[in-house]
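Observations on the three-dimensional arrangement
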Amino acid sequence: DYSTPRICAVADKRDGSGWLGIVRKDGMDVRRMPLEAGQYFYVATYEENVVTTGLTGAFTAGSAEEACRFMLGGGVFAERTNPVTAVAAMARGEGFELATLDAAQG
C-alpha cells in the first residue's frame, strides 16, 4: 500500500569495495561507494532516496549493535521521525558481526 522502497548494501572484504542500492517505485539506483573507516554513506526510503557520495557522515560505532542504534537515532538519523528497523554488518577477522534492531525495541 505504501510503495516503500527497498535498500541494500554489499561490502567485499577482499578488495575493500562496497555498493549501496535502492529500488523505488520509479526506478533503481546502485553505486559503488568508496569505503573508509569512520565514515558512512546512507540512503533513506523517502527523504533521500538517490544513492550519492554526498549523503555521508562520521561514524564511530564499534559493534554491529552500536551501528544499528546509530541508524535509529544518531547523527543525521536523529532528525527522522519514523524509524522502523536497522541492520548492520561490521567487518571482523575473516567474516562479519551482524545485528538487527527494531525501532520499537531501541
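My aim in this report is to walk through the structure given alongside it, one point at a time. (Residues numbered from 1 in each chain as written. Predicted model: local features only at pLDDT ≥ 70, side-chain atom pairs only at ≥ 80, totals over all residues. Heavy atoms only, no water.)

On to a nonpolar patch on the surface. A surface patch of nonpolar side chains, amounting to about 480 Å² of accessible area, comprises V10, W19, V23, M28 and V30. On the secondary structure map, M28 appears in strand 3 (residues 27–34). Taking the relative accessible area as the measure of exposure, M28 reaches 62% and is therefore exposed. (Patch = residues over 30% accessible without salt bridge, like charges linked within 9 Å, V, L, I, M, F, W, Y side chains within 5 Å. Areas by Shrake-Rupley, 256 points an atom, 1.4 Å probe, with all protein chains shown as cover. Salt bridge = Lys/Arg side-chain N within 4 Å of Asp/Glu carboxyl O. Helix = DSSP H or I, 4+ residues; strand = E, 2+ residues; numbered from the N terminus. Buried < 20%, exposed > 50% of the residue type's maximum accessible area, 1.4 Å probe, protein only.)

Counting across every chain of the model gives six salt bridges. The closest approach of N and O atoms between E48 and R80, which form a salt bridge, is 2.4 Å. With E48 in the loop between strand 4 (39–41) and strand 5 (56–58) and R80 in the loop between helix 1 (64–73) and strand 6 (85–92), this pair connects stretches of sequence that are 32 residues apart. Of the charged contacts in the structure, one is a salt bridge between R69 and E65, with a shortest N-O distance of 2.9 Å. With R69 and E65 both in helix 1 and four residues apart, this pair spans about one turn of that helix.

For the rest of this paragraph, the subject is the packing of aromatic side chains. In total, this model carries seven aromatic pairs according to the counting rule given. Aromatic side chains F70 and F77 sit 5.8 Å apart centroid to centroid with 85° between the ring planes, which places their arrangement in the edge-to-face category. Exposure remark for F77: the relative accessible area of 12% places this residue in the buried category. Joined through ring pairs, the aromatic side chains of Y40, Y42, F59, F70 and F77 make up one cluster. (Phe/Tyr/Trp six-rings, centres within 6.5 Å; stacked < 30°, edge-to-face > 60°.)

Let's shift gears to the side chain of S17. For S17, the location among the structural elements is in strand 2 (residues 17–24). Taking the relative accessible area as the measure of exposure, S17 reaches 2% and is therefore buried. Within polar-contact distance, the side chain of S17 engages the side chain of D15 at 2.5 Å. Filtering out sequence-adjacent residues up to four positions away, S17 remains in contact with V10, A11, D12, R32 and L35. (Polar contact = N/O pair within 3.5 Å; in protein donor to acceptor, adjacent residues only side chain to side chain. Contact = heavy atoms within 4.5 Å.)

As a further point, take the pairing of strand 6. The sheet contact formed by strand 6 and strand 7 (residues 95–102) spans eight bridges and is antiparallel. Residue A86 lies in a different strand from strand 7, and its bridge partner there is L101. The antiparallel pairing of strand 6 with strand 7 creates a hairpin that spans two residues between the two strands, and G93 there sits at a positive phi of about 55°. (Pairing = 2+ DSSP bridges.)

Counting residues in hydrophobic clusters, the biggest one holds 17 residues, and the most contacted among them are Y40, Y42, F59, A67, C68 and F77. Elements with a contribution of two residues or more to this core: helix 1, strand 6 and strand 7. Within the second largest apolar cluster, six residues are counted, among which are L20, M33, F41 and V51. (Core = buried A, V, L, I, M, F, W, Y, C linked by side-chain atoms within 4.5 Å.)

Remember, this is a structural readout, not a statement about activity or role.
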